[in-house]
Amino acid sequence: CALPILIMSTFMLKPIVGSPGTCLIAAGVCSVLALMATPVRAQDARADVAAQLKVVTDARAEAGFLPDTQAFGRATMLGVLEDGGSVYLELTLDAGREYHIEARCDTGCSNIDGRVLSPTFDPVAEDTLDNDAPKMTFKAPSSGPHLLGLQMTTCAARICYFGVTILSRPVR
């Protein structure tokens, strides 16, 4: 019981001498404190990406772009990709709307690319610049299913979190 007493005495700034029950309580408190202090990279990375996308959404609202929940059932999607990995997500776009799509990735990522393909797999928009913030603004050429492709071009870790937000407004 010496370790819990030592830790507890640090918080209380005086030594504690107690019964076995006191030691169990002190051990439980120490366990909870240790869990709270353990970094959880995945949760931190996810929260970081979500926060970056919130900034994008807020900034683009000034230009009339609002979250579009019709494209793939929600305005924002989060996930993970391996270094060099890619994913294609089906979007349902409306020819009467202008879209703004941005992706972000966690601090382990330095390059993620994005592209939108038409139903016939022709390129509609893409951002393959060497950065971690691809942006695509375009008018949907037709209504119906399109594909959003994301590629984790450079991830320093085995996997990196990414997120994408889809905003839209009526065609001007």
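The rules behind the values
Residues numbered from 1 in each chain as written. Predicted model: local features only at pLDDT ≥ 70, side-chain atom pairs only at ≥ 80, totals over all residues. Heavy atoms only, no water. Helix = DSSP H or I, 4+ residues; strand = E, 2+ residues; numbered from the N terminus. Buried < 20%, exposed > 50% of the residue type's maximum accessible area, 1.4 Å probe, protein only. Contact = heavy atoms within 4.5 Å. Disulfide = S-S within 2.5 Å. Polar contact = N/O pair within 3.5 Å; in protein donor to acceptor, adjacent residues only side chain to side chain. Phe/Tyr/Trp six-rings, centres within 6.5 Å; stacked < 30°, edge-to-face > 60°. Core = buried A, V, L, I, M, F, W, Y, C linked by side-chain atoms within 4.5 Å. Pairing = 2+ DSSP bridges.

Draft legend 1. Structural detail: the overall build of the protein. Per the secondary structure count, the protein includes three helices and nine strands. Along the protein, from the amino end to the carboxyl end, the secondary structure elements read α-α-α-β-β-β-β-β-β-β-β-β. Residues classed as buried in the protein amount to 38% of the 172 residues present. Sequence separation of at least 24 residues holds for 73% of the intrachain contacts in the protein that already meet a minimum separation of 6.

Draft legend 2. A look at the state of the cysteines. Here the structure, examined in full by the defined rule, presents two disulfides. Linked covalently through their sulfurs, Cys 105 and Cys 109 form a disulfide whose S-S length is 2.0 Å. A torsion of -60 degrees about the S-S bond marks the disulfide between Cys 105 and Cys 109 as left-handed. Judged by its relative accessible area of 2%, Cys 105 is buried.

Draft legend 3. Representation of the side chain of Thr 165 within the structure. Relative to the elements of secondary structure, Thr 165 occurs in strand S9 (residues 159-170). Exposure remark for Thr 165: the relative accessible area of 1% places this residue in the buried category. In terms of polar contacts, Thr 165 uses its side chain to reach the side chain of Thr 76, at 3.3 Å. Not counting the four nearest positions on each side in its chain, Thr 165 is found in contact with Leu 53, Val 56, Thr 57, Ala 75, Thr 76, His 100, Ile 101 and Glu 102.

Draft legend 4. Fine view of unusual backbone geometry. Here Phe 121, not a glycine, exhibits a phi torsion of approximately 70 degrees, which is positive. Note on placement: Phe 121 falls in the loop between strand S5 (109-117) and strand S6 (123-127).

Draft legend 5. Structural detail: the packing of aromatic side chains. Applying the stated criterion to the full structure yields one aromatic pair. With centroids separated by 5.8 Å and ring planes inclined at 25 degrees, the aromatic side chains of Tyr 99 and Phe 138 adopt a geometry described as stacked. With Tyr 99 in strand S4 (residues 97-105) and Phe 138 in strand S7 (residues 135-139), this residue pair connects regions lying 39 residues apart in the sequence. We classify Tyr 99 as buried; its relative accessible area is 1%. Taking relative accessible area as the criterion, Phe 138 reaches 6% and is therefore assigned buried.

Draft legend 6. Examining the nonpolar core more closely. One finds Ile 101, Leu 148 and Met 152 to be the most contacted residues of the largest nonpolar core, which totals 26 residues. Contributions of two or more residues to this core are made by strand S2 (76-82), strand S3 (86-93), S4, S5, S7, strand S8 (144-155) and S9.

Draft legend 7. Structural context of the environment of Leu 91. By the secondary structure assignment, Leu 91 is in strand S3. Along the primary structure Leu 91 and His 146 are separated by 55 residues, whereas in three dimensions their C-alpha atoms are 5.1 Å apart. Beyond its immediate chain neighbours, meaning those up to four positions away, Leu 91 contacts Ala 71, Phe 72, Ile 101, Gly 144, Pro 145, His 146, Leu 148 and Ile 166.

Draft legend 8. Focus on the pairing of S9. For S9, a buried count of 10 out of 12 residues is recorded, marking the element as mostly surrounded by other parts of the structure. The sheet contact formed by strand S1 (residues 66-67) and S9 spans two bridges and is antiparallel. By the bridge assignment for S9, Leu 66 is matched with Ser 168. Alignment of S2 against S9, held across seven bridges, turns out to be antiparallel.

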